[in-house]
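# Overview (structure and organization)
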Amino acid sequence: MNSDSSKTSAAWRTVERLVQGVQTSDGAGVRLTRVLTQQLQRRLDPFLMLDAFRNENPDDYIGGFPDHPHRGFETITYMIAGRMRHHDSAGNQGLLGPGGAQWMTTGSGLIHSELPEQEQGLMEGFQLWLNLPAKDKMSAPNYRDIPSAAIPEVVSADGVRVRVIAGSSQQLAGAVQRPVTEPLYLDVHMPAGSRFVQAIPAGHNAFTYTYRGQVSIGGTVVNDRQMAILANNGGTAVSIEAAEDARLLIIAGQPLNEPIAQYGPFVMNNAEEIQQTLRDYQAGKFEAAVVQSL
Ligand code: CO
């Protein structure tokens, strides 16, 4: 602990607010917790949504997410347990397994489905929506499947295992780097009694989501299935302590500071662009999308 408390408070991000999320269902009856809701989009710009799902009962996930369109942002699906198969309007498909991720840039639009590849057992994971800057919203769609083995990992002296999905941690570059929003997406596994420090640029919006155990950030306890919004207090790092075994996501990014117009699965900058999106969708333009696999 630094004895100069004014210096310490300037260096570390603190917890501004804890968020419990909202129980809901989406797709064909998949039960999930919407952790990052529409009301938080401005505060957590460039992130638009975070859904967490952890279902043991097949009735709560078996319907999956049948064919649906998207335009104007990126979806990042990260699996903890279970398997999901992806299909899109260009005929691409991929299988998401435990520890794997899929990074999809919906760009100008596509239609895809995400369906469970299992009939029983635990299905657990997350879907994050990351906004695209206005200039890239109509870019060509593409997607990338990232198997678990392709996600870089680093283990600290404290035994903290960090899976770097995007951005970088302790000089280790993650599986994905994106311009403009510069997203950081870490899955952090902390053994009891460990501490973990992650650099986060002062101007980036940041939050954590604990999905096992309990952690402490700047003296604030963050329980299982709680999001902690980190204060934009000028701090350039977050320090996390775990008294018990815990796992959490750390997510941060550079805000776009552009208008957000969301209509269901479409996220543009204004109402006219949403109207155009609906016309394009009705005209069948999304079915014809050429989706590149990177
Ligand atoms: Co989707």
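What counts and how
- Residues numbered from 1 in each chain as written.
- Predicted model: local features only at pLDDT ≥ 70, side-chain atom pairs only at ≥ 80, totals over all residues.
- Heavy atoms only, no water.
- Helix = DSSP H or I, 4+ residues; strand = E, 2+ residues; numbered from the N terminus.
- Rg over C-alpha atoms; globule rule 2.2 N^0.38 Å.
- Buried < 20%, exposed > 50% of the residue type's maximum accessible area, 1.4 Å probe, protein only.
- Lys, Arg positive; Asp, Glu negative; His and termini not counted.
- Charge placed at Lys NZ, Arg CZ, Asp CG, Glu CD.
- Donors = N, O, S within 2.8 Å, 3.2 Å for Na, K, Ca; no water.
- Salt bridge = Lys/Arg side-chain N within 4 Å of Asp/Glu carboxyl O.
- Pairing = 2+ DSSP bridges.
- Axes fitted to C-alpha atoms, helices over the stretch in contact; angles between N-to-C directions.
- pLDDT = per-residue confidence, 0-100.
- Contact = heavy atoms within 4.5 Å.
- Phe/Tyr/Trp six-rings, centres within 6.5 Å; stacked < 30°, edge-to-face > 60°.
- Core = buried A, V, L, I, M, F, W, Y, C linked by side-chain atoms within 4.5 Å.

Per the secondary structure count, the protein chain includes 2 helices and 27 strands. Computed over the C-alpha atoms, the radius of gyration of the protein chain is 19 Å, within 12% of the 19 Å expected from 2.2 N^0.38 for a compact globule of 294 residues. Counting only C-alpha atoms, the protein chain reaches 65 × 40 × 35 Å along its principal axes. Across the 294 residues in the protein chain, those meeting the buried criterion constitute 52%. Averaged over its 23 positive side-chain charges, the protein chain has a centre that lies 3 Å from the centre of its 30 negative ones.

A separate point is the coordination of the cobalt ion. Donor atoms from the polypeptide that coordinate the cobalt ion comprise H68 (NE2), H70 (NE2) and H112 (NE2), at 2.1 Å from the metal. Summarised as a motif, the one-chain spacing of the donors to the cobalt ion is H-x1-H-x41-H. Residue H68 is located in strand β5 (residues 65–70), and its partner H112 is located in strand β10 (residues 110–116); the two are separated by 44 residues in the primary sequence. The exposure class assigned to H68 is buried, which follows from its relative accessible area of 18%.

Attention shifts here to the pattern of salt bridges. Evaluation of the coordinates by the stated rule reveals 17 salt bridges. The closest approach of N and O atoms between R42 and D45, which form a salt bridge, is 3.8 Å. Here R42 falls in the partly exposed class, since its relative accessible area comes to 48%. D280 is paired through a salt bridge with R71; the nearest N and O atoms lie 3.0 Å apart. Of the two residues, D280 is situated in helix α2 (residues 271–282) and R71 in the loop between β5 and β6 (73–81); the sequence distance between them amounts to 209 residues. One salt-bridge network, held together by shared partners, links R54, E124, R212, D224 and R225.

What follows is about the sheet that holds strand β7 (residues 84–88). Ordered in space as β5-β10-β7-β8, the 4 strands form an open sheet in which the pairing is antiparallel. Strands with a single pairing partner mark the edges of an open sheet, and in this sheet they are β5 and β8 (93–96). Geometrically, the sheet is characterised by an average inter-axis angle of 20° between neighbouring strands, direction not taken into account. When β5 meets β10, the two strands line up antiparallel, connected through 4 bridges. Across the sheet, P69 pairs through a bridge with I111, a residue of β10.

Looking at the protein chain, pLDDT values average 94 and 96% of them are 70 or higher. Note on residues 1–9: pLDDT under 50 across the span, and 4 contacts to partners over four residues away in sequence or across chains.

Time to look at unusual backbone geometry. In this structure, the amide linkage connecting D45 to the following residue, P46, adopts the cis form with an omega of 15°. In this structure, P46 sits in the loop between β3 (30–36) and β4 (47–55). Despite not being glycine, Q171 shows a phi value in the positive range, around 70°. By the element assignment, Q171 lies in the loop between β15 (168–169) and β16 (172–173). Under the relative-accessibility criterion, Q171 is labelled exposed at 82%. Even without being glycine, V180 reaches a positive phi, approximately 65°. Among the secondary structure elements, V180 is positioned in the loop between β16 and β17 (184–190). On the accessibility criterion, V180 (34% relative accessible area) is partly exposed.

A ring pair, where both rings are aromatic, is described by two values, the distance of the centres and the angle of the planes. This model, assessed by the stated rule, comprises 8 aromatic pairs. Seen from their ring centres, F266 and F286 are 5.8 Å apart, and the 70° between their planes marks the pair as edge-to-face. Taken together, the residues F266 in strand β26 (residues 266–268) and F286 in the loop between α2 and β27 (292–293) connect sequence positions 20 residues apart. Judged by relative accessible area, F286 falls into the buried class, the value being 1%. Members of the aromatic cluster, connected to one another through ring pairs, are F126, Y209 and Y211.

The strands that make up a sheet are held in pairs by hydrogen bonds between backbone atoms, and each pair lies either parallel or antiparallel. Spatial ordering of the open sheet is given by β1-β22-β19-β24-β17-β14-β13, a layout of 7 strands whose pairing is antiparallel. Of all strands in the sheet, those with a lone pairing partner are β1 (15–19) and β13 (153–155), marking the two edges. Across the sheet, the mean angle separating the axes of adjacent strands is 20° when strand polarity is ignored. Bridge count for β17 against strand β24 (residues 246–253) is 7 bridges, and the pairing is antiparallel. Bridge pairing in β24 links L184 to A252.

Ranked by internal contacts, the top residues of the largest apolar core, which has 30 residues, are Y78, F126, Y185, F207, Y209 and M227. Residue contacts for F126: discarding those within four places in its chain leaves L50, D51, A52, F53, I76, T77, Y78, I80, Y185, Y209, Y211 and L249. I200, V215, A228 and V238 belong to the second-largest nonpolar core, a separate cluster that totals 24 residues.

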